Amino acid sequence: MTRHLPADPRLPAALDLIATGRAVFVLGRSKRPVANCPACPTTKGGPAHDPQACPCLTCHGFYAATKDHTHILAMLTTVPDGLLAVRTGTPSGLVVVDIDPHHGGQLDPTLMSPTATVATGGGGWHLYYTHPGHTVRSRPLPGHPGIDIKGDGGYVVTPPSVHPATGHPYRWIGRRPVAEMPPALHTAVTTPPPQPGPATDRTALTTRTPTENSGGISHPAALVAAHLAAVTRAPEGRRRTTLYGAARGIARIVTAGHLTLDDAITALTDAGRAAEQTDRDIHAAITGGFTAEGVHL
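The following paragraphs examine the structure supplied in this document. (Residues numbered from 1 in each chain as written. Predicted model: local features only at pLDDT ≥ 70, side-chain atom pairs only at ≥ 80, totals over all residues. Heavy atoms only, no water.)

1. Considerations on the nonpolar core
Of all hydrophobic cores here, the largest spans 29 residues; its most connected members are Val-24, Phe-25, Ile-72, Leu-84 and Tyr-128. For this core, the elements supplying multiple residues, two or more each, are helix H1 (10–19), strand S1 (23–27), helix H2 (69–78), strand S2 (83–87), strand S3 (94–99), strand S4 (116–119) and strand S8 (155–157). With five residues, S1 is the largest single contributor of residues to this core. Sequence-distant contacts of Phe-25, defined by excluding residues within four places in its chain, comprise Gly-61, Phe-62, Ala-64, Ala-65, Ile-72, Met-75, Leu-83, Leu-84, Ala-85, Val-86, Arg-87 and Tyr-155. (Core = buried A, V, L, I, M, F, W, Y, C linked by side-chain atoms within 4.5 Å. Buried < 20%, exposed > 50% of the residue type's maximum accessible area, 1.4 Å probe, protein only. Helix = DSSP H or I, 4+ residues; strand = E, 2+ residues; numbered from the N terminus. Contact = heavy atoms within 4.5 Å.)

Written out as structure tokens, the structure reads:
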């Protein structure tokens, strides 16, 4: 007797998204991009390597997103336990408002009109809006903690994926079509974020003379400023890694007694936001960097 394997529910969901012009790809089961193949960082991974033009099936995260039926089928077959995701921004004609109640995110009806909505597996919501046709950077929504904008340079997990931590599925709520952004939301997502003052000004105020038993670091203010400047200058794709490295360096300055823990976290958070990183990525990078240096938050 022939045994039939259950159909993969991700495939019809992916094809439905492609039919509406969305570019889709597959993440690993942990919501992180699938690791690059061995060839990419070696023979094809030189400075001139263009991730957008890379022919590899799943390399380079959202750059692998496709509107080709054959390609997405191959991706789903290659990563059978992966999460279906959609690339936001111009390639899919989408801007998604990502609301995370666990970090203080709440629906703001003065900005967010009814539209196609996903209840995330983590207990939040994704509000899908039509991309306005000009660049909308992925970044935190100013003045709204726990809300991120997923536009150009971003992506979101999409139904029927299952959240790796909760085991709950992502699911569409209702049958609303994707709406245009209301004017207030359009203004909020296109207004440049406020820039913090020069890093040297901040570190001059927050660095201090260490106690007699603390480790000595020459010119701690200049070192803090250099770390923060590296974060704000980091190119897209390297921002979180650079922030993690800066957090490790500044954690050593904290343990040497030249900087308070609160001031260090505030300075790193400001730098991360200036580089248009999300609050969740900032928190993860700072926590990871500090923990690696033995500083527990």
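Having put the structure on the table, let's press on.
2. Details of the pattern of salt bridges
Taken as a whole and judged by the stated rule, the model has three salt bridges. Between Asp-281 and Arg-240 there is a salt bridge, with its nearest N and O atoms 3.2 Å apart. Placement of the pair is Asp-281 in helix H8 (residues 279–292) and Arg-240 in helix H6 (residues 239–255), with a sequence separation of 41 residues. By relative accessible area, which is 30% here, Arg-240 ends up partly exposed. (Salt bridge = Lys/Arg side-chain N within 4 Å of Asp/Glu carboxyl O.)

3. A few points about the packing of helix H5 (residues 220–233) against H6
For any two helices packed against each other, one specifies the crossing angle of their axes together with the interaxial distance. Between H5 and H6, whose axes approach to 8 Å, the crossing angle comes to 165°. What the angle tells us is that H5 and H6 run roughly antiparallel. Both H5 and H6 take part in a crossing whose hand is left-handed. Here Pro-220, Leu-223, Val-224, His-227, Leu-228, Ala-230 and Val-231 of H5 lie close against H6, whose contacting residues are Thr-242, Leu-243, Ala-246, Gly-249, Ile-250 and Ile-253. (Axes fitted to C-alpha atoms, helices over the stretch in contact; angles between N-to-C directions. Parallel < 35°, antiparallel > 145°, perpendicular 65-115°, else oblique. Left-handed = near helix turned anticlockwise from the far one by under 90°.)

4. Considerations on unusual backbone geometry
Between Pro-159 and the following residue, Pro-160, the backbone shows a cis peptide bond with an omega angle of 5°. Along the chain, Pro-160 turns up in the loop between S8 and strand S9 (171–173).

5. With respect to the pairing of S3
With respect to burial, S3 is a largely interior element, six of its six residues being buried. Across six bridges, S3 lies against strand S5 (residues 125–130) in antiparallel orientation. Across the sheet, residue Val-95 finds its bridge partner in S5, namely Tyr-129. Across four bridges, S3 lies against strand S7 (residues 147–150) in antiparallel orientation. Bridging from a neighbouring strand, Val-97 pairs with Ile-149 of S7. (Pairing = 2+ DSSP bridges.)

6. Some details on the packing of aromatic side chains
This structure, assessed with the given rule, holds three aromatic pairs. Here Phe-25 and Tyr-155 contribute two aromatic rings whose centre-to-centre distance is 5.5 Å and whose plane-to-plane angle is 85°, an arrangement assigned as edge-to-face. A residue pair is termed long-range when its members are at least 10 positions apart, and Phe-25 in strand S1 and Tyr-155 in strand S8 qualify at 130 residues. For Phe-25, a relative accessible area of 2% gives the class buried. The class of Tyr-155 is partly exposed, set by a relative accessible area of 24%. When the ring of Phe-62 is compared with that of Tyr-63, the centres are 4.6 Å apart and the planes differ by 35°; the resulting orientation is tilted. Here Tyr-63 falls in the partly exposed class, since its relative accessible area comes to 28%. (Phe/Tyr/Trp six-rings, centres within 6.5 Å; stacked < 30°, edge-to-face > 60°.)

7. Re the sheet that holds S8
Sheet architecture is open: three strands sit in the order S1-S2-S8, paired in antiparallel fashion. The sheet is open, and its two borders are formed by S1 and S8, each paired with just one other strand. Direction aside, neighbouring strands of the sheet carry axes that sit 35° apart on average. Pairing between S1 and S2: five bridges, direction antiparallel. Residue Val-24 lies in a different strand from S2, and its bridge partner there is Val-86. Across the sheet, H2 is in contact with S1 and S2; its angle to S1 comes to roughly 10°.

8. Considering the environment of Ala-251
Secondary-structure assignment places Ala-251 in helix H6. For Ala-251, a relative accessible area of 0% corresponds to the buried category. Not counting chain neighbours up to four residues away, the residues in contact with Ala-251 comprise Phe-290, Glu-293 and Val-295.

9. So, the side chain of Asp-108
Here Asp-108 is to be found in the loop between S3 and S4. The buried charged residue Asp-108 lacks any salt bridge, with Arg-139 as its nearest oppositely charged partner at 14 Å. A distance of 2.5 Å separates polar atoms of two side chains, one belonging to Asp-108 and the other to Thr-110. (Lys, Arg positive; Asp, Glu negative; His and termini not counted. Polar contact = N/O pair within 3.5 Å; in protein donor to acceptor, adjacent residues only side chain to side chain.)

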